[in-house]
Amino acid sequence: MTSETTLARRSDPDTSHAAAASVVAGLSRQHASVLRVLATAGRPLAAEQISDIAGFDCWRRMNELVAAGHIEQTSGLHTNRSGRAAHQFCLTAGQLELL
């Protein structure tokens, strides 16, 4: 996941560090929202489906959550509104244990 230290250098002014902290807090809320949607659904969902439920475009968050080990891509596919196939995601076993 992203941290304030990856968004602002030590040499940056205090305002940059405050902005970085604000971004991190926003990302944390979005990550938590995606995890909540998947937990509530109880089945794999594609980013488009999660976005529809969560109320924001979450596709950028998916790779971050995969990298952090919270979710994983499944073999399941969903046909998006565009007609293209999209992979579905589910909570990892480790994340399920935390619920």
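Structure: see above.
Caption draft 1: Structural context of the overall build of the protein. Scanning the protein for helices and strands turns up 5 helices and 3 strands. Helices and strands in the protein line up, N terminus first, as α-α-β-α-α-β-β-α. Sorting the 99 residues of the protein into buried and exposed places 35% on the buried side. Contacts spanning at least 24 positions in sequence make up 39% of the contacts within the protein whose residues lie at least 6 apart. Just so you have it, the protein exposes about 6,300 Å², and 52% of that area is on carbon and sulfur atoms.

Caption draft 2: View of the side chain of Gln88. In this fold, Gln88 is placed in strand E3 (residues 85–91). Residue class for Gln88 comes out buried when judged on its relative accessible area of 13%. Ignoring anything within four residues of it in the chain, the contact list for Gln88 reads Pro44, Leu45, Ala46, Gln49, Glu72, Gln73, Thr74, Gly76, Leu77 and His78.

Caption draft 3: Quick look at the pairing of strand E2 (residues 71–79). The sheet contact formed by E2 and E3 spans 6 bridges and is antiparallel. Note that in E3 the partner of His78 across the bridge is Ala86. Connecting E2 to the next strand, E3, in antiparallel fashion are 5 residues, including Gly83 with a positive phi near 90 degrees.

Caption draft 4: A look at helix H3 (residues 47–54). Within the sequence span of H3, burial applies to Ala47, Glu48, Gln49, Ile50 and Ser51. One or two positions beyond H3, positive phi appears at Gly55, with a value near 90 degrees.

Caption draft 5: Focus on the pairing of E3. In terms of residue burial, E3 counts as a mostly covered element, since 5 of its 7 residues are buried. Examined bridge by bridge, strand E1 (residues 45–46) and E3 share 2 bridges and lie antiparallel to one another. Each bridged residue has a counterpart across the sheet, and for Ala46 the counterpart in E3 is Gln88.

Caption draft 6: Region of the structure containing the nonpolar core. Residues Val34, Leu38, Ile50, Cys58, Met62 and Ile71 are the most contacted members of the largest nonpolar core, which totals 14 residues. At the level of elements, helix H2 (14–41), H3, helix H4 (59–67) and E3 are the ones that each hand at least two residues to this core. Of the residues forming this core, the biggest block, 4 residues, is contributed by H2.

Definitions and cut-offs
Residues numbered from 1 in each chain as written. Predicted model: local features only at pLDDT ≥ 70, side-chain atom pairs only at ≥ 80, totals over all residues. Heavy atoms only, no water. Helix = DSSP H or I, 4+ residues; strand = E, 2+ residues; numbered from the N terminus. Buried < 20%, exposed > 50% of the residue type's maximum accessible area, 1.4 Å probe, protein only. Contact = heavy atoms within 4.5 Å. Areas by Shrake-Rupley, 256 points an atom, 1.4 Å probe, with all protein chains shown as cover. Pairing = 2+ DSSP bridges. Core = buried A, V, L, I, M, F, W, Y, C linked by side-chain atoms within 4.5 Å.

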